[in-house]
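Here is what each chain is made of, one letter per residue.
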Amino acid sequence: MAPVADPAAAFQVDPIYRRQQVPYSGGEAPGSIVVDRNERFLYFVEEGGTATRYGVGVGREGLTVTGRVKVGRKAEWPSWTPTQNMMRRDPRLLQFAGGVPGGPQNPLGARALYLYRDGRDTMFRLHGTNEPWSIGQAVSSGCIRLTNDDITHLYDRTPVGTPVLII
């Protein structure tokens, strides 16, 4: 019997949400990250008036952090534990209360950038996803999702302390 292919691996993201270089005229400094929740794009600001634009999935209305935060920590193949609020909203998540180890089946995907405000973890992340069809959608519990390829690309360019503006 032939192995069953992973449907997520074969999924093609809408071309508008594929990573690309774009002009950038906003006020954030090179090396900063800007997330536009309404347009479903994340911008990594570059020198010379450009940015790398990534398509993202965002949190459902009312379930996200906004404003200025910083990358406070980074993890490769991070583990995931749903928050108390997530489990309250969706009792099916109680089965994961003990956490899910890192790996391809983990909801945080290949990498995670942990967002902090005033030195405290906001409990929101920029992270990969094993559900690439969610890119361009407002479906998460508040985190910003990128494809695993895109979060790996962003992770490699983003040091701890990077400023992030979420609008």
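Our structure's up above, just so we're on the same page.
Everything numeric here is computed off the predicted structure, so don't read it as measured data.

1. Description of the overall build of the chain
And step 1. When you go through the chain residue by residue, the secondary structure sums to three helices and 11 strands.
And step 2. Secondary structure elements in the chain, listed N-terminal to C-terminal, are α-β-β-β-β-β-β-α-β-β-β-β-α-β.
And step 3. A globule of 167 residues ought to have a C-alpha radius of gyration of about 15 Å, and the chain, at 16 Å, matches this closely.
And step 4. When the backbone C-alpha atoms are referred to their principal axes, the chain occupies close to 50 × 40 × 25 Å.

2. Notes on the nonpolar core
And step 1. Core analysis: the largest hydrophobic core is formed by 21 residues, its most contacted members being I33, L42, L115, L126 and L154.
And step 2. Taken together, the elements giving at least two residues each to this core come down to strand 2 (33-36), strand 3 (41-45), strand 6 (67-76), strand 7 (111-117), strand 8 (120-127), helix 3 (148-157) and strand 11 (163-166).
And step 3. It is helix 3 that contributes the most residues to this core, three residues altogether.

3. Overview of the packing of aromatic side chains
And step 1. All told, the structure shown has three aromatic pairs when counted by the stated rule.
And step 2. Their ring planes at 40 degrees and their centres at 6.4 Å tell us that Y24 and Y43 sit as a pair that is tilted. In this pair, Y24 is assigned in the loop between strand 1 (20-23) and strand 2 and Y43 in strand 3, connecting sequence segments 19 residues apart.
And step 3. Residue Y24 is classed as buried on the basis of its relative accessible area, which comes to 16%.
And step 4. For Y43, a relative accessible area of 13% gives the class buried.
And step 5. Members of the aromatic cluster, each reached through a chain of ring pairs, are Y17, Y24, F41 and Y43.

4. Focus: helix 3
And step 1. Along helix 3, the positions that sit buried rather than exposed are D150, I151, L154 and Y155. Each buried residue of helix 3 lies within a common arc of 135 degrees when the element is viewed along its axis, so the set occupies one face. Counted as exposed and oriented over 90 degrees from the buried face of helix 3: D149 and D156.
And step 2. As for helix 3, its buried residues are in contact with strand 2, strand 3, strand 4 (50-55), strand 6, strand 7 and strand 8.

5. Looking at unusual backbone geometry
And step 1. You will see that W77, though not glycine, has its phi angle at about 40 degrees, which is positive.
And step 2. Residue placement: W77 occurs in the loop between strand 6 and helix 2 (84-89).
And step 3. Looking at W77, the relative accessible area reads 39%, which means it is partly exposed.
And step 4. Even without glycine at this site, D118 takes up a positive phi of about 55 degrees.
And step 5. Secondary-structure assignment places D118 in the loop between strand 7 and strand 8.

6. With respect to the environment of P101
And step 1. Take P101: it is sitting in the loop between helix 2 and strand 7.
And step 2. Taking the relative accessible area as the measure of exposure, P101 reaches 63% and is therefore exposed.
And step 3. For the pair P101 and T81, spaced 20 residues apart in sequence, the C-alpha separation works out to 8.9 Å.
And step 4. Setting aside residues no more than four positions away along its own chain, P101 makes contact with P78, S79 and N106.

Conventions adopted
- Residues numbered from 1 in each chain as written.
- Predicted model: local features only at pLDDT ≥ 70, side-chain atom pairs only at ≥ 80, totals over all residues.
- Heavy atoms only, no water.
- Helix = DSSP H or I, 4+ residues; strand = E, 2+ residues; numbered from the N terminus.
- Rg over C-alpha atoms; globule rule 2.2 N^0.38 Å.
- Core = buried A, V, L, I, M, F, W, Y, C linked by side-chain atoms within 4.5 Å.
- Buried < 20%, exposed > 50% of the residue type's maximum accessible area, 1.4 Å probe, protein only.
- Phe/Tyr/Trp six-rings, centres within 6.5 Å; stacked < 30°, edge-to-face > 60°.
- Arc of directions from axis to C-beta.
- Contact = heavy atoms within 4.5 Å.

So, to be careful, I would describe these as geometric facts and stop short of saying anything about function.
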